[in-house]
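Chain and residue survey
Below, each chain spelled out in residue letters.
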Amino acid sequence: MEINTKYKVIIRRCETYDANKISGIITEGMDELGVTPTGNIMLKPNVVLAHPEVFPHAFTRKEFLEGAILATQKRAVNNNKITVGERSGITIPTRFCFKNAGYMDVIKRRRVSSCYFDEVRHIPVKLEKKERLRDWLFIPEPVVRTDFLINLPKFKAHPWCRMTLSLKNFIGIQDDRHRLVDHNLFLDRKIVDLQEVIQPHFIAIDAITAGQKMMLTPTPFQMGAIIMGTNSCAVDTVGCHMVNTDPNDVIHLKLASKSGFGPMTLDEIDITGDFPLHEIQEKTRNFQFCMEHIDDYFQPDCNLTCTVGSFPEKHSSDYCWGGCPGALQEAMHIFKSYYPNVLQDIKKIHYVVGKVEGPLDIKEDERVIFAGKCTQWEGTIHGRHVKIDSSYKPPHEVDEKKTRSNDMVKKNLMSILDLFINRKSGYIHLKGCPVSVGDHVHYVSSLGKIGNPNFDRRMFVGVNIAYWQMLFFRMLNKLIH
Ligand code: SF4
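Within each chain, residue numbers correspond to sequence positions counted from 1 in written order. Selection of residues for local features in this predicted model requires a pLDDT of at least 70, selection of side-chain atom pairs for listing and counting requires 80 or more, and totals for whole chains, interfaces and linings are taken over all residues. To obtain the side-chain values, all non-hydrogen atoms of the structure were included, while hydrogens and water were left out.

1. Thoughts on the overall build of the protein chain
Helix and strand assignments follow DSSP, with helices taken as H or I runs no shorter than four residues and strands as E runs no shorter than two, numbered in order from the N terminus. Of the regular secondary structure elements, the protein chain holds 16 helices and 17 strands. Radius of gyration here uses only the C-alpha atoms, and the compact-globule reference equals 2.2 Å multiplied by the residue count raised to the power 0.38. What you see for the protein chain is a C-alpha radius of gyration of 22 Å, in line with the 23 Å of a compact globule of 481 residues. Overall size of the protein chain, expressed as C-alpha extent along the three principal axes, is 70 × 50 × 45 Å. Only protein chains enter the accessibility calculation, which uses a 1.4 Å probe; a residue whose area is less than 20% of its type maximum is buried, one above 50% is exposed, and one in between is partly exposed. Looking at the protein chain as a whole, 60% of its 481 residues qualify as buried. Residue contacts follow a heavy-atom distance rule, with two residues in contact if any of their heavy atoms lie within 4.5 Å. Taking the intrachain contacts of the protein chain between residues at least 6 apart in sequence as the baseline, contacts between residues at least 24 apart amount to 74%. The positive charge centre, built from 62 side chains, and the negative charge centre, built from 56, are 5 Å apart in the protein chain. Within this scheme the basic residues Lys and Arg register as positive and the acidic residues Asp and Glu register as negative, but His and the chain ends are omitted. For the purpose of locating charges, the reference atoms are NZ of Lys, CZ of Arg, CG of Asp and CD of Glu.

2. Side note on the site of the ligand
In this text, near means that some heavy atom of the residue lies within 4 Å of the molecule or strand in question. In the region of the ligand, 14 residues are neighbours, and Cys 320, Cys 324, Lys 373, Cys 374 and Cys 433 sit closest. Take the shell around the ligand: its biggest share by element is 3 residues, from strand β15 (residues 367-381).

3. Re the packing of aromatic side chains
The geometry of an aromatic ring pair comes down to the distance between the two centres and the angle between the two planes. Stacked, tilted and edge-to-face are the three classes assigned to paired rings of Phe, Tyr and Trp, where Trp is represented by its six-membered ring and a pair needs centres within 6.5 Å; plane angles under 30 degrees give stacked, over 60 edge-to-face, the rest tilted. Under the definition given, this model contains 14 aromatic pairs. Consider the rings of Phe 221 and Phe 287, whose centres lie 5.3 Å apart with planes at 75°: the pair is edge-to-face. Placement of the pair is Phe 221 in strand β11 (residues 219-229) and Phe 287 in the loop between α10 (277-283) and α11 (294-297), with a sequence separation of 66 residues. The exposure class of Phe 221 is buried, given its relative accessible area of 14%. Between the aromatic rings of Phe 287 and Phe 289, the centroid separation amounts to 5.3 Å while the plane-to-plane angle is 65°, which identifies the pairing as edge-to-face. Joined through ring pairs, the aromatic side chains of Phe 155, Phe 221, Phe 287 and Phe 289 make up one cluster. Sitting above the plane of the Phe 275 ring, Arg 13 keeps its charged end 4.4 Å from the centroid. Consider the ring centre and the ring normal. A charge sits over the ring if Lys NZ or Arg CZ is within 6 Å of that centre and within 35 degrees of that normal.

4. Observations regarding the domain arrangement of the protein chain
Reports of interface size often rely on the accessible area that becomes lost once the parts have come together. The assigned domain composition of the protein chain is domain 1 (7-283) and domain 2 (294-396 + 408-450). Residue ranges for the domains trace back to a domain assignment, done automatically or taken from a database. One C-alpha centre belongs to domain 1, the other to domain 2, and the line joining them spans 31 Å. Contact residues are listed per partner, giving 21 residues for domain 1 and 28 residues for domain 2. Once two parts are put together, the accessible area they lose, assessed with a 1.4 Å probe and summed over both, is termed the buried area. Between domain 1 and domain 2, a total of about 2,100 Å² is buried, with carbon and sulfur atoms accounting for 68% of that surface. Whenever a nitrogen or oxygen atom comes within 3.5 Å of another N or O atom, the pair is scored as a polar contact, on the condition that within protein one atom can donate a hydrogen and the other can accept it, and that pairs from neighbouring residues in sequence are kept only if both atoms are in side chains. Our count for the contact surface shared by domain 1 and domain 2 stands at 9 residue pairs in polar contact (both at pLDDT 80 or more). In terms of residue class, the side of domain 1 that touches domain 2 is built from 14 nonpolar, 4 polar and 3 charged. Three classes are used: nonpolar for Ala, Val, Leu, Ile, Met, Phe, Trp, Tyr, Cys and Pro, charged for Asp, Glu, Lys and Arg, and polar for all others, with Gly counted as polar.

5. Some remarks on the nonpolar core
The definition of a nonpolar core used throughout is a set of buried Ala, Val, Leu, Ile, Met, Phe, Trp, Tyr and Cys residues joined through side-chain atoms within 4.5 Å. Ranked by size, the top nonpolar core spans 149 residues in total, and within it Phe 155, Met 223 and Leu 304 carry the most contacts. With 8 residues, helix α12 (residues 324-338) is the single largest residue contributor to this core. Each of domain 1 (7-283) and domain 2 (294-396 + 408-450) gives at least three residues to this core. Once residues within four sequence positions are removed from consideration, Leu 304 is found in contact with Phe 298, Leu 328, Met 332, Leu 343, Ile 346, Ile 349 and Tyr 351. If you look at the next biggest cluster of nonpolar residues, it comprises 11 residues, including Ile 362, Val 368, Trp 377 and Tyr 427.

6. Observations regarding the environment of Ile 465
One can find Ile 465 in helix α16 (residues 457-480). Take Ile 465: its relative accessible area is 48%, and that puts it in the partly exposed class.

Encoded structure:
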């Protein structure tokens, strides 16, 4: 961290995904920032989900990764090993996403290693900061043992956090068992906790094609930029300004800065490079976000009606930004990428989240989803008295050492069984905090009588082969260590 001097952030122009060009830009960036990778080096891209046809814009592109590896190899001294590590999202095995992102070829060609965080041991790391949410976090052992971390996020808008840049990319460090803990009203604080485990020594953000609105199915935006720096808060602050966003509106950035992880005003940052901020701001005037409450987002002309109540924590009693509502939005956008008219084609669903008082306007042919542990309601559905009780627990009552596995196949089977048991009921209560995007897909697909993307031929076989490989290598790693 710089002392008595401004944090430096570089914005460079780069219009195309040309690995050699990207390598040149990142090498110059490392040079300007005085960055010398050393020891065990880990590159952490964002590969939350990847598929060339259905999820083409959610991840750091392979050419960007290759450019970063080439630059790292050029600049490294006393280097033992270079590894590319990540944990993909929504319980999809990381090796499936690496393959579909085109990473395997790059990793082989550049003779570096891969590390799938869902296949390695996670160890507890004690947190010390006064503002911490938890005392312990579970982190993949290779991350904890890394000497030099290079963060390679994708520049995207985000329906839970407004933006995902350097700070938010750390969510991909945790495995399924721990990733969803506090991924609710406390998501912003969880992101800050993760910063205490390790800080990136260098950051290069893939903003060549940025993502608008959603994180899994973003709408591409040709931004033509690479952003580099050595401090996540500084880089994220500049990233916010690049899309005309006040950094104060990105809560995890505000909290991270308050906790001493870096600046959040441009006065403290020296911006260099060949792409002036004002020019980018002009270019991104119409950059789109998705920070609408679901009851406004899904319009009255569609077959999905949402009722949003109040939420159990004072700091966010009007909406749960980190949990179920955003997961529903992501799920509906996944459906949209398969079935563009899904909102009109699905059977009627009424989605209820939070504590709701008074009667619900349930249509005759409508089925109700009560989403999440915090949801509470009492009333009549199709002539039957229904009482939904809250089983929400605040963070101090959730033991991170006794979390559920969130195993993909187990979760799929559980939701299929739950749907079968409740097949004749007018409603169903999904008990998660949060209810994951994957579960939303299962339940909406079944109740709405629309195809389930989990069983799409482009995903199903590949994901399931990768799942069994993941289990095998996880077991092998356990035996070796
Ligand atoms: S149950 Fe869902 S909506 Fe309720 S607090 Fe948890 S994540 Fe948020």
